[in-house]
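Chain and residue survey
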Amino acid sequence: EDFFLSTERPKPAVSIQPDDQVFSGETVTLRCDIQGGGVSNWQYSWFKAGSSTAVSNEQQYSISPVTASDRGTYTCIGAVSGTSRNSHTSDAATLTVSDLPKPTLTVEPERPVFSGESVALKCEIKDYDGWTYQWYKHDKQSELTAVSQSDYHTVDGDTLTIRGDTVINGDQYLCRGERRDRPTSSEYSSSVTLTVEALPTAELTVEPKWSPVFIGESVTLKCEIKGYAGWTYQWYKHDKQSELTAVSQSEHHTVNGDTLTIRADTVINGEQYWCRGERHDRPTSSEYSSSVTLTVNERPKPAVSIQPDHQVFRGETVTLRCEIKGGGVSNWQYSWFKDGSSTPVSYKQQYSISSVTASDGGTYTCRGAVRGTSRYSHYSEAVTLTVSGKPKPTVRADPRSSVYTGDTVTLTCEVKSTGWEFLWYKDSQPLQPQSPVDKGTKTLSVTVSHAGTAEFRCAARRGAYTTQTSAPAVITVTARPKATVTIHPADPVFIGETVTLTCDIGSGHHWQYYWFKNSKPLSEAQQRNEYTISNVAASHRGVYTCKGRQSTQPRYSETSDAVTLTVSEKPKPELTSSHKGAALIGNPVVLYCELDQSAGWRFYWSKHTQSPENETKPETHSYTISSVSVSDGGQYWCRAGRGTPVYYTHYSDALWINVTGTTRSDSLTVSPSRAQHFSADSLSLSCEGQSDSTGWRVRRYTHSEKVSDCSSGLGSVTGSTCNISSLSTSHTGVYGCESESGESSNPVNITVTNGAVILDSPVHPVTEGDPLTLRCLYRDPKPSNLTAEFYKNGSLLQTQTTGEMTIRTVSKSDEGLYHCKHPEKGESPQSWISVRGSDSKTVILAVSVVLSLVLILFIILGLFWCYKKKKGDQQNTNQTPDQSQSPGSTQLQTDSGPEPGDVTYAQIDLKEKKKPKKTQNKLRGGKSREEADTVYSELKN
């Protein structure tokens, strides 16, 4: 150490080889060099971040093979051999280990490849340089075989070219990168499977699309290879010897890209044509197309249509239309003929007859002629036009008679012929609006909304022609009954309860009931008017509705209004005390069990000295101790229940009433003397501090187990001491001393944690004015950085580098929930720290009381002496002075309200008051009060 006073303490330098990107599997060497300091006999130590244990003691630390787990920062330090002298710690060096890169393998040309074409594969490792590539393929045994330069394969840097006749469908190729200066190879690339397809087949079509063609018309053929571009086309036809002959540009044939036009006089019925595609950039030709056979036929035949129908009525307008399809002709000239006459009655494609009469009835035909030519179509088939008198529709209704409001009635209007537009009337008034769909069909669906009788009629119209109006269809409409859903017990309900939903429909009979949850059918409840859910769960939450269905019309009731079933977690009452300030022994104390959840609850009360089956059952939300005594101290709970069988809430948090004055508050000795302990540590609890410890024993109080002593599995017993050799979290609880006669000390809270941090806080209340030191304690290994944060009621108080916090003079305002937190180890559980009044105040009060009693005694003696002297020998008369009342108790100083949290602590000081006779505790109902947080109450005399 003296040497480094005059010489600068050296600092090592760390180097890593290789110094660039390192991949898993390589060898990495870290070297620690210390320059200066005049020392040559250094001993080296290597450390990895997060560990205080050296990973190597060599100057040169090699890792082979390196893995991802070796990533991190490394430091080294030197120590002079045989001394305690050390160098500085080096700066941290970061070792980054990457996974081996994976090449990307691409194919050119893009798949598919046609038979006979060559293929080029390209291998690439992105973001890394200096790679050469090796090529592989799967052999017949699916094993990898290296591929190198050969007659079939050409390797050029990152590219492998496969000769056309070697390209085989289904062959799989892979590649991998290598670097000569480093021994590692990359990952294999994903495999590429070659897809070799057969040559595509050309598709040959005929233009114009209609077929057959008229004799004397030209024909255009079109050749196409779908899905592939860049093709040119060759044309072929059968010669007289049925051999393929190439067809090229000539006076009979015109070639234009992908089309071949055959001159009109060259079009021969039955001739067959083919085509094939070729590409200049790739040496393959397509397959031949299927053949196209030319069909040349005679002229087409017209078709006749009549609007509005073949059967019409006097006064209507009738239109006959002649349609000639096919043949590729658009300039037809039309002729109409009636009843076989050769004289046309019209030369228009559409022949219209306005206000048709009976004389217009008959048979009609038409024929087309191409304008300017002698080409004619065939005559059409004859059509018959029938003319009748004015019709009267018939209306039908479904259902036929009775419906509920909201039901849909389907009306049907029956009338002869077709093409009608229908008009509807309700109670002689037109039904509006009518959509085009309604008008064009003979049925109409009407939803009836008002109770009573409705009459429906219809008429039909074609163009300007209207039929007579139908006779009415009469429908009786009754108000639709509405279902009602009720929930028992009233919403909300709680997990585990039994819930019954009832569907009630006032009118109608023989109902079948249908239940819905969130608008979806509830199959398990169908056809029953009551749906009972036993042991209701959160999954039963939702919106419920129901409706009814009868076997005859009208069938359905109205769906009920939705009711929401709210399923809440099992409730937990809040137990509070009536006193926030001072109270005297002998005065009443009321405990309130607050439950802000629906109605119908009965309340049950218990104390730590009772077993669960002996709960007190006043069935009201308050529990009154009419005259508080020391024996009333202890731990209280409440819960509520309702229904048959009874559904119980959770128990409330415990409310503690601690009474001091009969036993010392610190009579239970805890070693180590703190409120929190690590699991697996040992703990000693002793009642030896009692004035007479004989017959005293350590007891634990929990709500679930009620009362247990050391011998019942907690630990081993020696006299009045309980020794727990290995703590677990199950040892967390409230402990105290209890005598054979039932006397007890004030209990203390012990917390056992599996965590890495605890708060060293006092197990007993702290006296006002005394100092208090809190410490953050840690499991091994202890951190080198002791900096800790200290919190009260969830708010940060201090940050201390020493790991401990001191309150120099404790006051009542320092009461609260405390915990500490370490940046790496985590945080401790919370512990409540109580503050009790200074003993000096008690001494002053006691001295004042004694002096007052002495003064009163002197006054009484003086008066008695004077009286005796005045009366002389008169017989003495005994006077009994009034018993002086013990000094009045000071009012409780109640702390300001605690911070919001799960648990709230308050302190109640109870002062002893003499009474003629101590009354028994009474249980009675109390008045409701506002809700309060759970209160831990400490009663003192």
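Residues numbered from 1 in each chain as written. Predicted model: local features only at pLDDT ≥ 70, side-chain atom pairs only at ≥ 80, totals over all residues. Heavy atoms only, no water.

Some thoughts on the overall build of the protein
Helix and strand counts for the protein stand at three helices and 83 strands. Looking at the protein as a whole, 41% of its 941 residues qualify as buried. Restricting the contact set of the protein to residue pairs at least 6 apart, pairs at least 24 apart contribute 65%. Carbon and sulfur atoms form 47% of the exposed surface of the protein, whose accessible area is close to 50500 Å². (Helix = DSSP H or I, 4+ residues; strand = E, 2+ residues; numbered from the N terminus. Buried < 20%, exposed > 50% of the residue type's maximum accessible area, 1.4 Å probe, protein only. Contact = heavy atoms within 4.5 Å. Areas by Shrake-Rupley, 256 points an atom, 1.4 Å probe, with all protein chains shown as cover.)

Let's talk about the sheet that holds strand E36 (residues 394-398)
Pairing within the open sheet is antiparallel, and its three strands lie in the order E36-E38-E41. With partners counted over all chains shown, the strands left at the sheet margins are E36 and strand E41 (443-447), one partner each. Strand-to-strand twist of the sheet, defined as the mean angle between neighbouring strand axes without regard to direction, takes the value 25°. Note: E36 against strand E38 (residues 408-414), five bridges, orientation antiparallel. If you follow Thr 394 over to E38, its bridge partner there is Glu 414. (Pairing = 2+ DSSP bridges. Axes fitted to C-alpha atoms, helices over the stretch in contact; angles between N-to-C directions.)

Brief notes about the sheet that holds strand E5 (residues 60-63)
The three strands lie next to each other as E1-E3-E5, forming an open sheet whose pairing is antiparallel. Since the sheet does not close on itself, it has two edges, and those belong to strand E1 (13-17) and E5, each with one partner. Put simply, the sheet's adjacent strands are angled 15° from each other on average, direction ignored. As judged from the four bridges shared by strand E3 (residues 28-33) and E5, these two strands associate in the antiparallel manner. Looking at E5, one finds that Thr 29 is bridged to Ser 62.

Some thoughts on the environment of His 280
With respect to the secondary-structure elements, His 280 resides in the loop between strand E26 (272-278) and strand E27 (292-293). Using a relative accessible area of 74% as the deciding quantity, one classes His 280 as exposed. Residues His 280 and Gly 230 lie 50 residues apart in sequence; the distance between their C-alpha atoms is 8.2 Å.

Thoughts on the state of the cysteines
Each disulfide is one covalent bond, formed between the sulfur atoms of two cysteines. Scanning all chains against the criterion turns up 10 disulfides. Here Cys 776 pairs with Cys 820 through a disulfide, and the sulfurs are 2.0 Å apart. Judged by the torsion about the S-S bond (90°), the Cys 776/Cys 820 disulfide is right-handed. A residue pair is termed long-range when its members are at least 10 positions apart, and Cys 776 in strand E73 (residues 772-778) and Cys 820 in strand E77 (residues 816-822) qualify at 44 residues. In this structure, Cys 776 and Cys 820 share a single accessibility class: buried. (Disulfide = S-S within 2.5 Å.)

Some remarks on the environment of Arg 314
Structurally, Arg 314 is set in the loop between strand E30 (311-313) and strand E31 (318-323). For Arg 314, a relative accessible area of 52% gives the class exposed. Along the sequence, Arg 314 and Ala 358 sit 44 residues apart, while their C-alpha atoms lie 7.1 Å from each other. Every residue in contact with Arg 314, bar those within four places of it in the chain, is listed here: Val 356, Val 387, Ser 388, Gly 389 and Tyr 465.

Here's the deal with the nonpolar core
Core analysis: the largest hydrophobic core is formed by 23 residues, its most contacted members being Val 409, Leu 411, Trp 420, Phe 422, Trp 424, Phe 456 and Ile 475. Of all the secondary-structure elements, those providing two or more residues to this core are E36, E38, strand E39 (421-426), E41, strand E42 (452-462) and strand E44 (473-478). Broken down by element, the residue count for this core peaks at four residues, all from E42. Grouped together as the second largest cluster of nonpolar side chains are 22 residues, Tyr 404, Ile 505, Trp 515 and Val 563 included. (Core = buried A, V, L, I, M, F, W, Y, C linked by side-chain atoms within 4.5 Å.)

Some remarks on the pattern of salt bridges
A complete count under the given rule lists 27 salt bridges for this structure. For the salt bridge of Lys 572 with Asp 653, the shortest nitrogen-to-oxygen distance reads 2.4 Å. Of this pair, Lys 572 sits in the loop between strand E53 (567-568) and strand E54 (574-577) while Asp 653 sits in the loop between strand E60 (647-648) and strand E61 (655-659), and the two are 81 residues apart along the sequence. Overall, Asp 653 belongs to the partly exposed group, its relative accessible area being 22%. Between Asp 760 and Arg 775 there is a salt bridge; the shortest N-O distance is 3.8 Å. Within this pair, whereas Asp 760 is found in strand E71 (residues 757-760), its partner Arg 775 is found in strand E73, the two being separated by 15 residues in sequence. Exposure remark for Arg 775: the relative accessible area of 33% places this residue in the partly exposed category. (Salt bridge = Lys/Arg side-chain N within 4 Å of Asp/Glu carboxyl O.)

What to know about the environment of Arg 555
Relative to the helices and strands, Arg 555 resides in the loop between strand E51 (542-549) and strand E52 (563-565). A relative accessible area of 25% places Arg 555 in the partly exposed class. Arg 555 sits 75 residues away from Arg 480 along the chain, and the two C-alpha atoms are 9.8 Å apart. If sequence neighbours within four positions are ignored, Arg 555 has contacts with Trp 511, Gly 548, Arg 549 and Gln 550.

What to know about the side chain of His 731
Structurally, His 731 is set in the loop between strand E68 (721-724) and strand E69 (733-738). The contact partners of His 731, leaving out residues within four places of it in the chain, are Arg 700, Leu 714, Ile 724, Ser 726, Ile 750 and Val 752.

A closer look at the packing of aromatic side chains
Taken as a whole, this structure holds 17 aromatic pairs when the rule is applied. With a centroid separation of 6.2 Å and 55° between ring planes, the pair formed by Tyr 351 and Tyr 364 is classed as tilted. With a gap of 13 residues between them, Tyr 351 in strand E33 (residues 350-353) and Tyr 364 in strand E34 (residues 362-370) connect regions that are remote in the sequence. Owing to a relative accessible area of 1%, Tyr 364 belongs among the buried residues under this scheme. Where Tyr 623 meets Tyr 636, the ring centres are 6.3 Å apart and the plane angle is 50°; that geometry is what we call tilted. In this pair, Tyr 623 sits in strand E58 (residues 622-625) while Tyr 636 sits in strand E59 (residues 634-642), placing the two residues 13 residues apart along the sequence. (Phe/Tyr/Trp six-rings, centres within 6.5 Å; stacked < 30°, edge-to-face > 60°.)

Quick word on the pairing of strand E74 (residues 788-792)
Within E74, four of the five residues are buried, which leaves the element mostly enclosed by the surrounding structure. Here five bridges tie E74 to strand E75 (residues 795-800), and the two strands are oriented antiparallel to one another. Across the sheet, residue Tyr 791 finds its bridge partner in E75, namely Leu 796. Linking E74 to E75, which pair antiparallel, is a turn of two residues; within it Asn 793 sits at a positive phi near 50°.

Observations regarding the confidence of the model for the protein
When pLDDT is averaged along the protein, the result is 80; 82% of the residues meet or exceed 70. Here strand E81 (residues 904-905) is the element of the protein with the lowest mean pLDDT, 35, and E71 is the one with the highest, 96. Low confidence marks residues 659-666, where pLDDT is under 50. Its contacts with residues over four positions away, or in another chain, come to 25 contacts. Under a pLDDT of 50 for its full length, residues 873-941 has, in the predicted model, 156 contacts with residues more than four places off or in other chains. (pLDDT = per-residue confidence, 0-100.)

Let's talk about unusual backbone geometry
Cis geometry marks the peptide bond from Asp 398 to Pro 399, where omega comes out at 0°. With respect to the helices and strands, Pro 399 occurs in the loop between E36 and strand E37 (402-404). His 488 connects to Pro 489 through a cis peptide bond whose omega is 0°. Backbone geometry at Ser 417 places phi at a positive 75°, although glycine is not the residue there. One non-glycine residue, Ser 519, lies in positive phi territory at about 70°. Its location among the elements puts Ser 519 in the loop between strand E48 (512-517) and strand E49 (520-521).

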